[in-house]
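Below are the chains, spelled out letter by letter.
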Amino acid sequence: MRLVSFSPPGIQERLLGALEGDRVLELAAAASIVAPGLDSHGKLRSLDCLLSDWDRGLPLARSVMERAGGAGGSGAKHAAELGPAWHSRSRVTLHAPVTRPPTVRDFYAFEAHVKNARARRKLEVPPEWYEFPAFYYSNPGSLVGDGAPVKKPSWTEALDYELEIACVIGTRARDVPADRWRSVVAGFTILNDWSARDVQRKEMAIGLGPAKGKDFTTSLGPALVTLDELLPKLRGDHFDLTMEARVNGATLSRGNARDMHFTFGQMIARASQDVYLFPGDVIGSGTVGGGCILELGPEVHPWLKPGDEVTLEIERLGTLTNTIV
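Basis of the calculations
Residues numbered from 1 in each chain as written. Predicted model: local features only at pLDDT ≥ 70, side-chain atom pairs only at ≥ 80, totals over all residues. Heavy atoms only, no water. Axes fitted to C-alpha atoms, helices over the stretch in contact; angles between N-to-C directions. Helix = DSSP H or I, 4+ residues; strand = E, 2+ residues; numbered from the N terminus. Parallel < 35°, antiparallel > 145°, perpendicular 65-115°, else oblique. Left-handed = near helix turned anticlockwise from the far one by under 90°. Contact = heavy atoms within 4.5 Å. Nonpolar A, V, L, I, M, F, W, Y, C, P; charged D, E, K, R; others polar. Pairing = 2+ DSSP bridges. 1 Å grid on protein atoms, 1.4 Å probe; cavity = no way out; pocket = protein on both sides within 12 Å on 5 of 7 lines; lining within 4 Å. Points joined across faces, edges and corners; volume = space filled by probe spheres on them. Phe/Tyr/Trp six-rings, centres within 6.5 Å; stacked < 30°, edge-to-face > 60°. Buried < 20%, exposed > 50% of the residue type's maximum accessible area, 1.4 Å probe, protein only.

Novice: Now, about the packing of helix H1 (residues 27-34) against helix H3 (residues 54-69): what can you tell me, with residues and values included?
Specialist: The interhelical angle for the contact between H1 and H3, taken along N-to-C directions, is 65 degrees, at an axis separation of 9 Å. What the angle tells us is that H1 and H3 run roughly perpendicular. In the packing of H1 onto H3, the handedness of the crossing is left-handed. Between H1 and H3, the contacting residues are Leu27, Ala30, Ala31 and Val34 on the first element and Ala61, Val64, Met65, Arg67 and Ala68 on the second. When its residues are assigned to classes, the contact of H1 with H3 shows 8 nonpolar, no polar and 1 charged.

Novice: Explain the pairing of strand S17 (residues 242-247) to me, using residue names and the numbers behind them.
Specialist: Relative to strand S18 (residues 250-256), S17 is paired through 6 bridges, and the arrangement is antiparallel. In the sheet register, valine 247 faces S18, and the bridge partner there is alanine 250. Hairpin geometry of S17 and S18 is characterised by an intervening segment of 2 residues between the two adjacent antiparallel strands and by a positive phi of about 55 degrees at asparagine 248. Relative to strand S21 (residues 309-314), S17 is paired through 5 bridges, and the arrangement is antiparallel. When the sheet's bridge partners are listed, arginine 246 is paired in S21 with threonine 311.

Novice: Residues and numbers for the layout of surface pockets, please.
Specialist: By volume, the largest pocket is sized at about 820 Å³. Lining the largest pocket are 33 residues, and of these Tyr108, Arg121, Gln200, Met204 and Pro210 lie nearest its centre. Every element with two or more residues in the lining of the largest pocket is listed here: strand S6 (104-107), helix H6 (111-119), strand S7 (135-137), helix H7 (197-206) and helix H10 (293-296). Looking at the lining of the largest pocket, its residues break down into 16 nonpolar, 6 polar and 11 charged. The computed volume of the second largest pocket comes to approximately 170 Å³. Along the walls of the second largest pocket sit 15 residues, with Ala178, Trp181, Asp237, Thr263 and Gly265 positioned nearest its centre. Residues that form the lining of the second largest pocket fall into these classes: 8 nonpolar, 4 polar and 3 charged.

Novice: For the packing of aromatic side chains, give the residues involved together with the corresponding values.
Specialist: Per the counting criterion, the structure on display carries 10 aromatic pairs. Each ring, one from tryptophan 155 and one from phenylalanine 216, has its centre 5.8 Å from the other, and the planes form 85 degrees; the classification is edge-to-face. In this pair, tryptophan 155 sits in the loop between strand S8 (143-144) and strand S9 (159-160) while phenylalanine 216 sits in the loop between H7 and strand S14 (218-226), placing the two residues 61 residues apart along the sequence. Exposure remark for tryptophan 155: the relative accessible area of 38% places this residue in the partly exposed category.

Novice: Now, about the pairing of S6: what can you tell me, with residues and values included?
Specialist: Residues of S6 alternate between two faces, with Val104 and Asp106 on one and Arg105 and Phe107 on the opposite face, all of them buried. Sheet topology note: the S6/strand S20 (residues 282-284) ladder contains 3 bridges and is parallel. Bridge pairing links arginine 105 to isoleucine 283 in S20. One ladder, built from 3 bridges, connects S6 with S7; its direction is antiparallel. Residue pairing in the sheet places arginine 105 in a bridge with tyrosine 137 of S7.

Read these as spatial facts, not as claims about activity.
Next up, the structure:
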């Protein structure tokens, strides 16, 4: 399934939807029509509610989607009643799939990104990088979704995008073995880790960070794609998913998730070591090799400015577009 957090026109509440092509099915509204009483505990009210009881909530969501969309099934019988439960994607607001995750951990898993970024500063990759997957904590209160404007902070002149893939945790877990990562993941989405490179550079020189250089906005979306949708692209412990970034329609970055040095299993094992992960926690991969202006250099593209439109696209996950204001 492709699950979204959305608001129809004139409504502020974030509702749970299933994205199908250019339409969004409002799952709670559909459930009340095709299966009255099925969602008596309100698990389908929002994506946050669904994540809080993922193992029981996801089968409910699948059942409603099948009944509402199945030819000759309940959907056909209730076609007229279901009309208001279907929304045009172009008319709704898509939010980040998770409203306010308990934590956002962003890793540093692509060796090419580390090499390229450090080479710009005439630095080698430190040997410690190969010992374990490292991460920093981002700001869970600054997430935006597909289509949302991204305000350029007044205190930076080096605004950058970062092309990343992320997973969302679906169950409370601790000390997760690397080979058991599938048991705790709800699904995957696209992450844009917006970065103020001039501020980040100063913070890193102090020896603490990144912090303010990355906490102002993170884009997540457009949907939470459930794990089963991606398993056909799993090659061993890596996903074979093409990744691309475009600025104002011009392709600047291309890569593939299979090039991660550290796997999501290894990252989840590291993140959960001696601490609990909770439903809604976000685990970012870090930037794919060549997936930011910092690596490409100003000779390829200048730092981002108001009016620039940035689109990240990952195979099977969709596109995540934001305009700088």
